[in-house]
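Below, each chain spelled out in residue letters.
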Protein chains: 4
Amino acid sequence: MALDIQPVHPLTSRAHKKEDTVIRIGNHTIGGGTLTLIGGPCSIESVDQVMSVADSVKNAGGQVLRGGAFKPRTSPYSFQGLGGDGLKILKKAGDKTGIPVITEVMSTEDFDEVEKSADIIQIGARNMQNFHLLKRAGMSRKPILLKRGLSATIDEWLNAAEYILAEGNSQVILCERGIRTFENYTRNTLDLSAIVAVKTLSHLPVIIDPSHATGRREMVPAMAKAAVAAGADGLMIEVHNDPENALCDGPQSLRPEEFEKLAKELRKIHEVVNND
Amino acid sequence: MALDIQPVHPLTSRAHKKEDTVIRIGNHTIGGGTLTLIGGPCSIESVDQVMSVADSVKNAGGQVLRGGAFKPRTSPYSFQGLGGDGLKILKKAGDKTGIPVITEVMSTEDFDEVEKSADIIQIGARNMQNFHLLKRAGMSRKPILLKRGLSATIDEWLNAAEYILAEGNSQVILCERGIRTFENYTRNTLDLSAIVAVKTLSHLPVIIDPSHATGRREMVPAMAKAAVAAGADGLMIEVHNDPENALCDGPQSLRPEEFEKLAKELRKIHEVVNND
Amino acid sequence: MALDIQPVHPLTSRAHKKEDTVIRIGNHTIGGGTLTLIGGPCSIESVDQVMSVADSVKNAGGQVLRGGAFKPRTSPYSFQGLGGDGLKILKKAGDKTGIPVITEVMSTEDFDEVEKSADIIQIGARNMQNFHLLKRAGMSRKPILLKRGLSATIDEWLNAAEYILAEGNSQVILCERGIRTFENYTRNTLDLSAIVAVKTLSHLPVIIDPSHATGRREMVPAMAKAAVAAGADGLMIEVHNDPENALCDGPQSLRPEEFEKLAKELRKIHEVVNND
Amino acid sequence: MALDIQPVHPLTSRAHKKEDTVIRIGNHTIGGGTLTLIGGPCSIESVDQVMSVADSVKNAGGQVLRGGAFKPRTSPYSFQGLGGDGLKILKKAGDKTGIPVITEVMSTEDFDEVEKSADIIQIGARNMQNFHLLKRAGMSRKPILLKRGLSATIDEWLNAAEYILAEGNSQVILCERGIRTFENYTRNTLDLSAIVAVKTLSHLPVIIDPSHATGRREMVPAMAKAAVAAGADGLMIEVHNDPENALCDGPQSLRPEEFEKLAKELRKIHEVVNND
């Protein structure tokens, strides 16, 4: 239920709530000092693909499986995702592997369907200020992962989260995925200082997506390690069993064995950083 | 009806359609060499306000009245617009003054209602890649004014328009309203070279919004003149009868007499530029 | 001579000097309501080339001839300009045609030599915060054209000019040449709102360089017209007698006949804008 | 001595030289797997200040002392540094503590003097494309630390380094210090992906300056750790014995005890990352 009156401090702020927000997903908690690894393909393509990647993610110690059923694509002629069929595949893979799943919702029309299948609901960068979608997410009882818009300031990002909290859903995970700058070597510029900024201003957990930020597989491990060292609560990383033939974002997807190796390294850095 | 197959050239491209798209609104045409002036308040606040501004816009030779009923606001605690009541006020003002009206739609849920009241339907910068909203707009028979996203490339902007055309609505007006850069003297940086780029790549008309781009009333006239000189098909300008007490964007709104003076100057420049 | 104490208001500010700064070059004045057209090649290549373009610029009604002798190039292996030999060619062309010349100085070492040959001395975008060069320019008695840095704020740009004025040279012309943004259709994004900002904050004249800003010949005329409509004091435009074989920036150079046509159109727009 | 002909591959590229460039400073080597910590005040203010900080840097395990004698300042009325007197203080502190020193050179005129006092010579962000200064640096036999320009692409940065190598000085250290974006929470946006990009494209060592990038003391430790985790060869961090009374950049300077604590943490992360 939406707030009738404006709170003294924004609901997302540390001034409103001092202690870190911790979100429970199955046996795992996100935020408050843990390290969450989310892995999976950009797009759900087939049962075999998702099953294979789900096993890999679980074996690598990942806690959440990602996979896109509804895909926001720049061109109307690009592959738009498998939609409802994709959701079913993802849920099946999650159930069978015993691993929670996250997927993106692009519209209020699809929200109910996504809400039934997903353990965490993602709102993408392009919808960060789709205020109707944010309000609908605020009425859900599932955790929401809210990506930062491509040119959103940290203030705007927290305000977008505020739309969700103001409707009654306090389970929000923020996800930085690169901002748009003049530099073109990488797809976007990963703004890791956003981790510190968000953790100073807000009690919400923050996750980093180095795959979309860089658009280059060879940069993902270093940026993932940097994110953990900077204090991120987790990573969302694209993993594909056959990147060369992926329908979407192959060049930035790790192979399962690369993800497994990286996961180990991230846990070591997390341990060092947390023991300081 | 959506296309089943991808066209050889994008529907928005000059390669697909050589001659300028011209859009008829009442007795006026947008595109193809005319100058279209759209004026009105950021937000619809009251019957008196809108009626007063509508008269001013018409007297100044403006062809379209703008007014926001559904307002996209960064914070959930800011004034969100009068919604359906605002639409009624706008329609009434348009009917009484005999001037077509444009207003923003923020969601597919509100689309039918907006479509009934508005002569032109606006999709705002924050929704430029709200693909469901674009598809719904593509099924409408009303012209759509599509604002460029805050950090959208020209290519992405044209692709967003392509979503609308691909669904069967070829009446799309593009609107540049400033992009996000490091410069903070202005709210955004008005990219007037986008006019030439769009007119080279596409047959669609392009309109400039200097009010949102600069965020400063004293800069609006110069930027409006520059837009006409650069070949824009029109301007969308915020006009308010009492900017000091406006609920939204007062500092960037022209007073009626300023709009009238500017309209005259713009017509002169348009004449000079078109006679070259 | 440098100031011993900080002035109450910056020397570049309107608060310090209310009336527009007007700079006399031969029989022409820059600033204060006139329109100044500067044309010429990116690089000085040969006597014939410069003579040919000098005649074209003069015939088109241009008041100043530009030509680069010392060229700032991203790569050390690119053509670096003819240096001192280039200066001689430029001066000869200016003397013969009776048209003042402007050329860029890249270092304090070359300053004396450039100062002797040029009527206006240009400091390029990459040297906008080369403070030693600015101080040397402040000790010159020749007018200085100071380009805005690629990512310089208006405040930083005016502060760079302040370095020149603080050393005693009040003849500074500001030149906007595009800023760096995420958009890649154009080389840079021409920020025409800088004209209004500078004229509000400062008494110095401001000139626009649409050639470097856009990097595309076909965009230069529209952007030049827009600049005049926005209130610019002049334009600096690349003109080449044989753009296809230019050693530098051919794709953005106008041919002489294109420059002549544009010059006429600019004067018409200038007249309309100034009569308002 | 400058190259007469262009090399097949740029001298800065991995294609030209496969193995990492390693630079010897006293007993320490920069690059090739070591971790270099450079600490010290933004500006040299007094003998006592520099001596005190030099001791702190050394005790914390830092290998190089930084301190600015010639300061590039946006406004001509800001403190410009102690100049030659500052150099003497820095050299004295370095000699007494037995720690090498780095300081910025802003012009070719001051180069000889700086070269005599400094063990590493810094070229600042605003001078990254001051090509005369780069050429002079290329003739030096001292290592050069070249900061990335505020809006320089990685390609431009490597080309700036190429100017130095082309003149015969192969001892170049690259330093990322934040790029200019729309985000204003931090002074600039630290681009840590530049570490991976540079190490892929080039054999030169790369150092990160989190102090200037963020402009906020509380963000420096997290960003420094992230830089090490991402593979940086070192850090340059502002340290001041009395930040509240610093003449320059106090709010971003660490206190000596903070620097010491951070240095320990950085070494731990470096060890973990290097053992992977």
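Everything here concerns the structure above.
Residues numbered from 1 in each chain as written. Chains lettered and ligands numbered in written order. Predicted model: local features only at pLDDT ≥ 70, side-chain atom pairs only at ≥ 80, totals over all residues. Heavy atoms only, no water.

Student: What's the story with the side chain of B:Arg177 in this structure? I'm lost.
Tutor: Residue and element names in this part refer to chain B. You can see Arg177 is positioned in the loop between strand S8 (172-176) and helix H6 (193-201). As a buried residue without a salt bridge, Arg177 has its nearest oppositely charged side chain in Asp209, at a separation of 5.9 Å. Looking at Arg177, its side chain comes within polar contact range of the side chain of Asn188, at 3.1 Å. Residue contacts for Arg177: discarding those within four places in its chain leaves Ala125, Lys147, Arg148, Leu150, Asn188, Leu190, Asp209, His212 and Ala213. (Helix = DSSP H or I, 4+ residues; strand = E, 2+ residues; numbered from the N terminus. Buried < 20%, exposed > 50% of the residue type's maximum accessible area, 1.4 Å probe, protein only. Lys, Arg positive; Asp, Glu negative; His and termini not counted. Salt bridge = Lys/Arg side-chain N within 4 Å of Asp/Glu carboxyl O. Polar contact = N/O pair within 3.5 Å; in protein donor to acceptor, adjacent residues only side chain to side chain. Contact = heavy atoms within 4.5 Å.)

Student: What should I look at first to understand the packing of helix H1 (residues 47-59) of chain A against helix H2 (residues 84-97) of chain A in this one?
Tutor: Packed helices, taken two at a time, are described by the angle their axes make and the gap between the axes. Residues and elements named next belong to chain A. Two elements in contact, H1 and H2, have axes separated by 9 Å at closest approach and are oriented at 40 degrees. The orientation of H1 with respect to H2, classified from their angle, is oblique. The way H1 lies across H2 gives a crossing that is right-handed. Together, Val47, Val50, Met51, Ala54, Asp55 and Lys58 of H1 and Ile89, Leu90, Lys92, Ala93, Lys96 and Thr97 of H2 make up the contact between the two elements. (Axes fitted to C-alpha atoms, helices over the stretch in contact; angles between N-to-C directions. Parallel < 35°, antiparallel > 145°, perpendicular 65-115°, else oblique. Left-handed = near helix turned anticlockwise from the far one by under 90°.)

Student: Mind showing me how you'd approach the relation of the copies chain D and chain B here?
Tutor: The operation linking the two copies of the chain is a rotation about an axis combined with a translation along the axis. Least-squares fitting of chain D to chain B yields an RMSD of 0.0 Å, with the transformation described by 0.0 Å of translation along the axis and a rotation of 180 degrees. On this basis, the relationship between the two copies can be described by a two-fold rotation axis. In terms of C-alpha distance to the rotation axis, chain D has D:Phe182 as its closest residue, with the C-alpha 2.3 Å off the axis. A shared binding surface is used by both copies, with 100% of the interface residues of chain D retained as interface residues in chain B. (Least-squares fit on C-alpha atoms with pLDDT ≥ 70 in both.)

Student: Help me understand the interface of chain D and chain B in this model?
Tutor: It is common to give the size of an interface as the accessible area that goes away when the parts come together. At the junction of the two partners, chain D supplies 4 residues and chain B supplies 4 residues. In this assembly, chain D packs against chain B so that about 310 Å² is buried in total across both faces, 62% of it on carbon and sulfur atoms. Of all residues in chain D, D:Arg180, D:Phe182 and D:Asn184 bury the most surface against chain B, accounting for 89% of the area lost on that side. The interface formed by chain D and chain B includes 0 salt bridges. Where chain D packs against chain B, one counts 0 residue pairs in polar contact (both at pLDDT 80 or more). Each residue belonging to the side of chain D that touches chain B can be placed in one class, and the counts come to 1 nonpolar, 2 polar and 1 charged. (Buried area = accessible area lost by both parts, 1.4 Å probe. Nonpolar A, V, L, I, M, F, W, Y, C, P; charged D, E, K, R; others polar.)

Student: Before we go on, may I ask you to explain helix H5 (residues 154-166) of chain D in this structure?
Tutor: The periodicity of an α-helix, 3.6 residues per turn, causes residues three or four places apart in sequence to face the same way. Residues and elements named next belong to chain D. In this model, H5 (13 residues) spans 18 Å end to end at C-alpha, consistent with the 18 Å of a helix rising 1.5 Å per residue. Across the 13 residues of H5, 12 count as buried, placing the element largely inside the fold. Along H5, the residues that are buried comprise Ile154, Glu156, Trp157, Leu158, Asn159, Ala160, Ala161, Glu162, Tyr163, Ile164, Leu165 and Ala166. Buried residues belonging to H5 abut helix H4 (131-138), strand S7 (144-147), strand S8 (172-176), helix H6 (193-201) and strand S9 (206-208). Gly168 occupies a position one or two residues after H5 and carries a positive phi of about 115 degrees. (Expected span 1.5 Å × (residues − 1).)

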